[in-house]
Amino acid sequence: MAQRISGYDRIPAELYQTPEHTTLSLLSVYRVVGPVLEPACGEGKIVRVLRGAGITCIGTDLNDYGSMWQSGRGDFLKYRSAAGYQTIMTNPPYGAERRGALALAFIEHALELTREVQGQVVMLLAADYDHAGNRRHLFRDHPAFKHRIALSRRIKWFDPLPGQKSSGPSTYHAWFVWDWMHKGGATVLYA
């Protein structure tokens, strides 16, 4: 299958800010349990929506974006504990040059950290992220995998450059939820 050329360069540090409607869609069908750690918060758009919904959320990022929604800096993959948090939730960097390896590392590390607190992991990913055979351990075979929450609206990450025409976003996304207290199979929800 050919990959569609978008006409856009990759954004430095993979700073793809999650539009408000994307997080609100999740909250319309799923109850996120706080306190939440958002470890790739960028400018803090997910943090702002969660706090607006009354959910305690702390945002950190590898880079300092000077946002009031970012509480600190840190390399999430070096965190050793999720103590104090019930949920780790983010739109992880994908590591596009390594075919999504960075997103995979974020998910695996978040699951490792939340296991000790029997918490939750909520990740925004391409809708077909769970299709790859080398990720089966995170989805079909993972006891904590609870939901795939499909978004019916494609995410528009940025506006086209002045004078450029855009055919619009080409990728669907979904929220993927793991919950260490979950028993049974996973379900698909629609937001």
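Up top is the structure.
Residues numbered from 1 in each chain as written. Predicted model: local features only at pLDDT ≥ 70, side-chain atom pairs only at ≥ 80, totals over all residues. Heavy atoms only, no water.

What follows covers the pairing of strand S7 (residues 173–179). Judged by how many residues are buried, S7 sits mostly within the fold: 7 of 7 residues are covered. The two faces of S7 match: His173, Trp175, Val177 and Asp179 on one face and Ala174, Phe176 and Trp178 on the other face are all buried. Sheet topology note: the strand S5 (residues 120–126)/S7 ladder contains 7 bridges and is antiparallel. Residue Met123 lies in a different strand from S7, and its bridge partner there is Phe176. For strand S6 (residues 145–150) and S7, the ladder comprises 5 bridges, and the chain directions are antiparallel. Note that in S7 the partner of His147 across the bridge is Val177. (Buried < 20%, exposed > 50% of the residue type's maximum accessible area, 1.4 Å probe, protein only. Helix = DSSP H or I, 4+ residues; strand = E, 2+ residues; numbered from the N terminus. Pairing = 2+ DSSP bridges.)

Applying the stated criterion to the full structure yields 9 aromatic pairs. Aromatic pair Phe76 and Tyr79: ring centres 5.4 Å apart, planes at 70°, arrangement edge-to-face. Judged by relative accessible area, which is 2%, Phe76 ranks as buried. Here Tyr79 falls in the buried class, since its relative accessible area comes to 19%. Residues Phe145 and Phe176 carry aromatic rings whose centres are separated by 6.3 Å and whose planes lie at 25° to one another, so their mutual orientation is stacked. A residue pair is termed long-range when its members are at least 10 positions apart, and Phe145 in strand S6 and Phe176 in strand S7 qualify at 31 residues. Considered together, Phe145 and Phe176 belong to a single accessibility category, that of buried residues. Each residue in the set Tyr94, Tyr129, Phe139, Phe145, Phe176 and Trp178 is aromatic and connected to the rest through ring pairs, giving one cluster. (Phe/Tyr/Trp six-rings, centres within 6.5 Å; stacked < 30°, edge-to-face > 60°.)

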